[in-house]
Amino acid sequence: GKGEFDHYMLKEIYNQPSSLSNTIEGRANDGEVTFENLTEGTFSDVDAVQFVACGTSYHAAMYGGQLLRSAGVRTEVLRASEYESTTGPVDENTLVVAVTQSGETADTLEAVREATSRGARSLAVTNVVGSTAARTADDAVYIRAGPEVGVAATKTYSSQAVTLALLTQQIASDVPGGEPAADKAKLLESLRDLPEHVEEVLESSQAEAIARERLDSQSYFFIGHGLGHSVALEGALKFKEITYEHAEGFASGQLKHGPLALVTDETPIFAVYSGRGDEKTKTNAIEARSRGAPIVAVGPDDHSLADAADTHLSVPDTHPVWAGLLANVQLQLVSYHAAKLLERPIDKPRNLAKSVTVE
Ligand code: F6R
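So, a few notes on the structure that sits alongside this text. The structure presented is a predicted model; accordingly, all values stated were derived computationally and were not measured.

**Regarding the packing of aromatic side chains**
Throughout the structure, instances matching the rule amount to 5 aromatic pairs. Relative to phenylalanine 239, the ring of tyrosine 220 has its centre 4.3 Å away and its plane inclined at 40°; by these criteria the two rings are tilted. With a gap of 19 residues between them, tyrosine 220 in strand β8 (residues 220-224) and phenylalanine 239 in helix α11 (residues 227-243) connect regions that are remote in the sequence. Judged by its relative accessible area of 3%, tyrosine 220 falls in the buried class. The exposure class assigned to phenylalanine 239 is buried, which follows from its relative accessible area of 1%. Each ring, one from phenylalanine 222 and one from phenylalanine 239, has its centre 5.9 Å from the other, and the planes form 55°; the classification is tilted. Taken together, the residues span a long stretch of sequence, with phenylalanine 222 in strand β8 and phenylalanine 239 in helix α11 at a distance of 17 residues. Comparing phenylalanine 222 with phenylalanine 239, the two get one shared label, buried. We note arginine 350 situated over the ring of tyrosine 244; from NZ or CZ to the ring centre the distance is 3.8 Å.

Written out as structure tokens, the structure reads:
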């Protein structure tokens, strides 16, 4: 049941310190990544990786895909429903990674079928043991987040992103020419602190006050650069799903190429940053602010964006790879509290189902 929580969504947001610990357990020891069922060298024939996914899982795939690309591996991140029209060449050296919480999303299963019919090897990254994706892919890696009841995916996004970040390290060490992170030991060390850092966010978040302050806005924008871009897209998706308010996510630098026309004092902008390479987010946020938009900075304290913004949702200092996941927890709380204040049916938003088994 929901226990002390008003909604499953809030329970699942608060479950993240423990679900993330489960995800990480035994997989990041002594500076090395190990997956129980993937032997070292298992990806040594792979020369390109394609992620396919939908919705929130697509945003987690963007996160993992960017990490894999910067580890020197040829990587595409494709919307499963657009697979046929967006895929490049595929052969037996292609690994298609299906990222799907339920393991039952028809669009994602179909993309995997299409890729394997072209000769690709397949890997399912899923939460559900025995799901169709797990049974049909050549290999399966479980995110181990535990059952998720709320229609809006929360804890499973965090566990997907972490699983994919770990998988990146294994793929990059197997694939010829791949380059595991130069600071891998540090990366894994700070991953072990992630559950505790999420706990700190949950204990200190000002998300409810900010949701209340901005409740009568016309539209909600979310911007971010690099890993922060995928977090911005996820923040906007969650917000529109459960509040029914208009929300959009953008790559920070794209704001001035059109969306800026919509910016007024009625369009709060949540600016996600990690502390590395966030100049674009800062300059574009400041530009929007000069047009009247209230800016909510979402990231670590020690950054000039936090000072330039109207308000700040703070996250603990961590490795830049994990900072976006902490920012995402803040944004989950903003969406939750806004939806609650608007009296929306948070666990079962209209027109949506937990798993979408039609194409
Ligand atoms: C958003 C949400 C959906 C799912 C999408 C894919 O909160 O839940 O966008 O992420 O339908 O579902 P899975 O991951 O089960 O393939």
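**A word on the site of the ligand**
The ligand sits among 13 residues. The nearest are Ser57, Thr100, Gln101, Ser102 and Thr105. Within the contact set of the ligand, an oxygen atom lies 2.7 Å away from a side-chain nitrogen or oxygen of glutamate 241. For the ligand, whose free accessible area comes to 410 Å², the fraction covered by protein is 90%. At a threshold of 2 Å from the grid points, most atoms of the ligand map onto the largest pocket. Of all the secondary structure elements, the ones that give two or more residues to the shell around the ligand are α3 (55-70) and α11. No other element matches the 3 residues that α3 contributes to the shell around the ligand. Residues that form the shell around the ligand fall into these classes: 4 nonpolar, 7 polar and 2 charged.

**Overview of the sheet that holds strand β6 (residues 121-126)**
Paired through their backbone hydrogen bonds, the strands of a sheet run either parallel or antiparallel. Pairing within the open sheet is parallel, and its 5 strands lie in the order β4-β3-β5-β6-β7. Only two strands of the sheet have a single partner each, and these edge strands are β4 (75-79) and β7 (139-142). Going from strand to strand, the sheet's axes swing by 20° on average, the running direction of each strand aside. The pairing of β6 with β7 spans 4 bridges and is parallel. Residue pairing across strands places valine 125 opposite valine 141, the latter belonging to β7.

What counts, and where the lines are drawn
Residues numbered from 1 in each chain as written. Predicted model: local features only at pLDDT ≥ 70, side-chain atom pairs only at ≥ 80, totals over all residues. Heavy atoms only, no water. Phe/Tyr/Trp six-rings, centres within 6.5 Å; stacked < 30°, edge-to-face > 60°. Helix = DSSP H or I, 4+ residues; strand = E, 2+ residues; numbered from the N terminus. Buried < 20%, exposed > 50% of the residue type's maximum accessible area, 1.4 Å probe, protein only. Lys NZ or Arg CZ within 6 Å of the ring centre and 35° of its normal. Near = heavy atom within 4 Å. Polar contact = N/O pair within 3.5 Å; in protein donor to acceptor, adjacent residues only side chain to side chain. Areas by Shrake-Rupley, 256 points an atom, 1.4 Å probe, with all protein chains shown as cover. 1 Å grid on protein atoms, 1.4 Å probe; cavity = no way out; pocket = protein on both sides within 12 Å on 5 of 7 lines; lining within 4 Å. Sits in = over half its atoms within 2 Å of the grid points. Nonpolar A, V, L, I, M, F, W, Y, C, P; charged D, E, K, R; others polar. Pairing = 2+ DSSP bridges. Axes fitted to C-alpha atoms, helices over the stretch in contact; angles between N-to-C directions.

That is the geometry; function is a separate question.
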